Amino acid sequence: MSEKPNHTRKRLVDAAAKLFYAEGIGRVSVDAVAEKAGLTKRTLYYHFKSKDELITAYLDSRDQPNLKQMAGWFEAAEGGVDRKVVAIFTHLARVARHVKWKGCGFLRTAAELAAMPGHPAVKAGSRHKSNFEKWLAGELSSHGVREPKVLAREIVLLMDGAFSSMLIHHNPDYITAAGHAAATLVRARMPEVAR
């Protein structure tokens, strides 16, 4: 009995995710992805028209799990909204200490495709960053923070700046410092009663 197409597609995306994240999209061939998935290159091309489509599927597969994880860290944190925002950065710094952590896959992919801003994978990364920013703005708004959309964008800038610094310095303290800066921005816009 053969595998269902969705299961086979998932196997390919999972294999691609492991390889693309570990080695970068430019260094991984479709042959390597097919081999990692235990499938043929012909099967890969049955499910994906091109490597570009596979790269996009890899990023799309990471969108909701990443957002869910950050939302979970936010919700589980005790204290005010400033502490909830810091919790996201604290957990990211913890994750960044793992030997297999290679940075933000969305930013790394966008950097590899910098000369192709219209690439579908770059658009997938943009959607992910926009989804996080929109979610964060909603949370900030529900906690009564002033200018939640502006603040969410500032926090995303701090986060992505910390990710970039991590790629250069390999020091999670940059993420921690960005979290403290984010908390300062949040406190400046919190209602007086919540401070």
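Each chain carries its own residue numbering, running from 1 in the written order of its sequence. The model is predicted, so local features are restricted to residues of pLDDT at least 70 and side-chain atom pairs to those at 80 or more, both for listing and for counting; the totals for chains, interfaces and linings are taken over all residues. Remark: hydrogens and water are excluded; side-chain values derive from all non-hydrogen atoms of the structure.

### Quick word on the UniProt feature "domain: HTH tetR-type" (unreviewed entry) in the chain
UniProt positions are given in the numbering used here, feature names are shortened, and annotations may be inferred rather than shown by experiment. Within this numbering scheme, the UniProt entry marks residues 6–66 as carrying the feature "domain: HTH tetR-type" (unreviewed entry). Where helices and strands are cited, they refer to DSSP runs of H or I of at least four residues and of E of at least two residues respectively, numbered from the N terminus. Secondary structure content for residues 6–66 is 80% helix and 0% strand, and the end C-alpha separation is 21 Å.

### Structural notes on the side chain of Glu139
With respect to the secondary-structure elements, Glu139 resides in helix 7 (residues 120–142). For the buried Glu139, which has no salt bridge, the nearest side chain bearing the opposite charge is Lys84, at an N-O separation of 7.4 Å. Each residue's exposure class comes from its accessible area (1.4 Å probe, protein chains only) as a fraction of the maximum for that residue type: buried when under 20%, exposed when over 50%, partly exposed otherwise. A residue counts as positive if it is Lys or Arg and as negative if it is Asp or Glu; His and the chain ends are not included. We define a salt bridge as a side-chain nitrogen of Lys or Arg found within 4 Å of a carboxyl oxygen belonging to Asp or Glu.

### A word on the nonpolar core
Formed by 57 residues in total, the largest nonpolar core has its most connected members in Phe20, Val33, Val85, Leu140, Ile155 and Ile175. Breaking this core down by element, the ones donating at least two residues are helix 1 (5–23), helix 2 (30–37), helix 4 (51–76), helix 5 (81–96), helix 7, helix 8 (148–169) and helix 9 (173–188). In what follows, a contact means two residues having at least one pair of non-hydrogen atoms within 4.5 Å. With near-sequence residues (within four places) excluded, Leu140 lies in contact with Val81, Val85, Val145, Pro148, Leu151, Ala152, Ile155 and Val186. Nine residue types can take part in a nonpolar core, namely buried Ala, Val, Leu, Ile, Met, Phe, Trp, Tyr and Cys, and a core is a set of them joined through side-chain atoms within 4.5 Å.

### Points about the layout of surface pockets
A water-sized probe, rolled over the atoms, reveals where empty space remains. Reported here for the largest pocket is a volume of approximately 680 Å³. In terms of lining residues, the largest pocket is bounded by 26 residues, among which Tyr21, Arg62, Asn66, Trp101 and Gly103 are the most central. Of all the secondary structure elements, the ones that give two or more residues to the lining of the largest pocket are helix 1, helix 4, helix 5, helix 6 (105–112), helix 7 and helix 8. Counting residues per element, the lining of the largest pocket draws most heavily on helix 4, at seven residues. Here a cavity denotes a set of grid points, spaced 1 Å apart and computed over the protein atoms alone, in which a 1.4 Å probe fits but from which it cannot get out, and a pocket denotes an open set meeting protein on both sides within 12 Å along at least five of seven lines; residues with an atom within 4 Å of a point are reported as lining. Grid points are joined across faces, edges and corners, and a volume is the space filled by probe spheres set on the points.

### A closer look at the packing of aromatic side chains
Note on aromatic pairs: each is described by the distance of the centres and the angle between the planes. We call Phe, Tyr and Trp rings a pair once their centres come within 6.5 Å, taking the six-membered ring for Trp, and we label the pair stacked below 30 degrees between planes, edge-to-face above 60, and tilted otherwise. A complete count under the given rule lists four aromatic pairs for this structure. Relative to Tyr58, the ring of Phe20 has its centre 5.6 Å away and its plane inclined at 65°; by these criteria the two rings are edge-to-face. Note that Phe20 is positioned in helix 1 and Tyr58 in helix 4, a separation of 38 residues in sequence. Across this residue pair, the class does not change: Phe20 and Tyr58 are buried.

### A short note on empty space enclosed by the protein
Under the defined criterion, the tally for this structure stands at one cavity of 30 Å³ or more. There is about 40 Å³ of room inside the largest cavity. Every residue lining the largest cavity is listed: Phe20, Gly24, Ile25, Tyr58, Gly105, Arg108, Thr109 and Glu112. A total of four residues in the lining of the largest cavity trace back to one element, the largest contributor, which is helix 6.

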